[in-house]
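# Descriptive analysis of the structure
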Amino acid sequence: MKTVQGKTPALVKEINLIREEINAVILAHYYQDPEIQDIADFVGDSLELSRKAATTTAEVIVFCGVHFMAETAKILNPHKTVLIPDMDAGCSLSDECPAEDFANFRSKHPDHFVVSYINCSAAVKAQSDLICTSSNAVDLIKQLPEDRPIIFAPDKNLGKWVEKQSGRSLTLWDGSCSVHEAFSEEALIKLKIQYPNAEIIAHPECQENLLAMSTFIGSTSKLLSRTKESKSREFIVLTEPGILHQMRLEQPNKIFLEVPGVDGCSCNECPYMRLNTLEKLARCLKLKEPEIIIEKNLITQALIPIERMLEMST
Ligand code: 13P
Ligand code: SF4
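Predicted model only: the values in this text are computed from it and were never measured.

### Details of the sheet that holds strand β10 (residues 216–217)
The strand order across the open sheet formed by 4 strands is β10-β9-β11-β12, and the pairing between neighbours is parallel. Among the strands making up the open sheet, the edge pair consists of β10 and β12 (255–258). Relative to β10, strand β9 (residues 199–202) is paired through 2 bridges, and the arrangement is parallel. Opposite Ala-202, over in β10, you have Ile-217 as the bridge partner.

Laid out in structure tokens, this is it:
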């Protein structure tokens, strides 16, 4: 029986009861509110969540994350019910790459192999040869034939980092995440002066200048592992602060610091991820809506590059 600190037991009880009743699995991303992470059956990064979605035996998948993640779960499970607590939980990066514009971009590079970051719509996935996440992007790019030019979309910051790590040159789509672009270099420098022994760790969606100041770069799961493996006791974490919940749970004696956005705003929290709440989760389990629906042909097309990713990932 899952419990959540500080929340009405009635709501938690209701969620536990209905998920049993309808044989639902609750998957949550690390950027969800701590109380959602606490009640989830599994918390992970995009790759781990895709793997879980691909292998679950549950009849209903409730995806506490953003739309492209729930969409991926549906593409992998066309016959299952896939729910998302708030249908408006989108992604600025995905929105910056509309399918029609992407088709136009691709048509200008007809000989290119198309690699898309999982943070894109099903319609963009359907136009891609391979999907990647921040956790496997470098490894997958390195596996591609050296004489084949590559389009990488939609995140240019991740793309530039992958270029450096893999030594491959990529034709980049000009998109970025509004949350990771909001981190302030000034705030980071101030924190580092305050905590000179802290290790700076970052998600590759951050801009180049911030990545250059980091000693470790990786997906949310890799950042979490780093905080366990590193001898450092203090960490400045350059990504959405939802991940700090698991870091603090797993390493209660270490100190984790989030980095504010420009002008000290709290825009380091993903406004889309944070639309999901415990109340909306309970409602969604009860009513079995909002449900992710995708047209059959689109599922068939988008499944190909996702399955290729899962096959090629170690
Ligand atoms: P991860 O795959 O590292 O969890 O990243 C997801 C994401 O949306 C980052 O902004
Ligand atoms: Fe999209 Fe950025 Fe939010 Fe990740 S943090 S879901 S990339 S808007």
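### As for the pairing of strand β5 (residues 113–117)
Most of β5 is tucked away, with 5 of its 5 residues classed as buried. Side chains Phe-113, Val-115 and Tyr-117 of β5 all project onto a buried face; the interleaved residues Val-114 and Ser-116 project onto the opposite face, where all are buried too. As paired strands, β5 and strand β7 (residues 150–153) are joined by 4 bridges and run parallel to one another. The partner of Val-114 across the bridge, within β7, is Ile-151. Here β5 runs beside strand β6 (residues 130–132); their pairing, made up of 3 bridges, is parallel. Looking across to β6, one finds that Val-115 is bridged to Leu-130.

### Here's the deal with the side chain of Ser-214
Here Ser-214 is to be found in the loop between α11 (208–211) and β10. Of note is the side chain of Ser-214, whose polar atom sits 2.9 Å from the backbone oxygen of Leu-210. Excluding anything up to four places from it in sequence, Ser-214 contacts Ile-200, Ala-202 and Leu-238.

### What about the sheet that holds β7?
Across the sheet, which stays open at both edges, the 4 strands sit in the order β6-β5-β7-β8 with parallel pairing between neighbours. Each of the sheet's edge strands pairs with one partner strand only, and the pair in question is β6 and β8 (170–172). Pairwise comparison of adjacent strand axes, ignoring direction, gives a mean angle of 30° for this sheet. Bridge count between β7 and β8: 3 bridges; the pairing is parallel. Pairing of Ile-151 across the sheet is with Thr-171, part of β8. Across the sheet, helix α6 (residues 99–107) is in contact with β5, β7 and β8; its angle to β7 comes to roughly 160°. On the sheet, helix α9 (residues 156–166) packs against β5, β7 and β8 and is oriented at approximately 170° with respect to β8.

Thresholds, definitions, all that
- Residues numbered from 1 in each chain as written.
- Chains lettered and ligands numbered in written order.
- Predicted model: local features only at pLDDT ≥ 70, side-chain atom pairs only at ≥ 80, totals over all residues.
- Heavy atoms only, no water.
- Pairing = 2+ DSSP bridges.
- Helix = DSSP H or I, 4+ residues; strand = E, 2+ residues; numbered from the N terminus.
- Buried < 20%, exposed > 50% of the residue type's maximum accessible area, 1.4 Å probe, protein only.
- Polar contact = N/O pair within 3.5 Å; in protein donor to acceptor, adjacent residues only side chain to side chain.
- Contact = heavy atoms within 4.5 Å.
- Axes fitted to C-alpha atoms, helices over the stretch in contact; angles between N-to-C directions.

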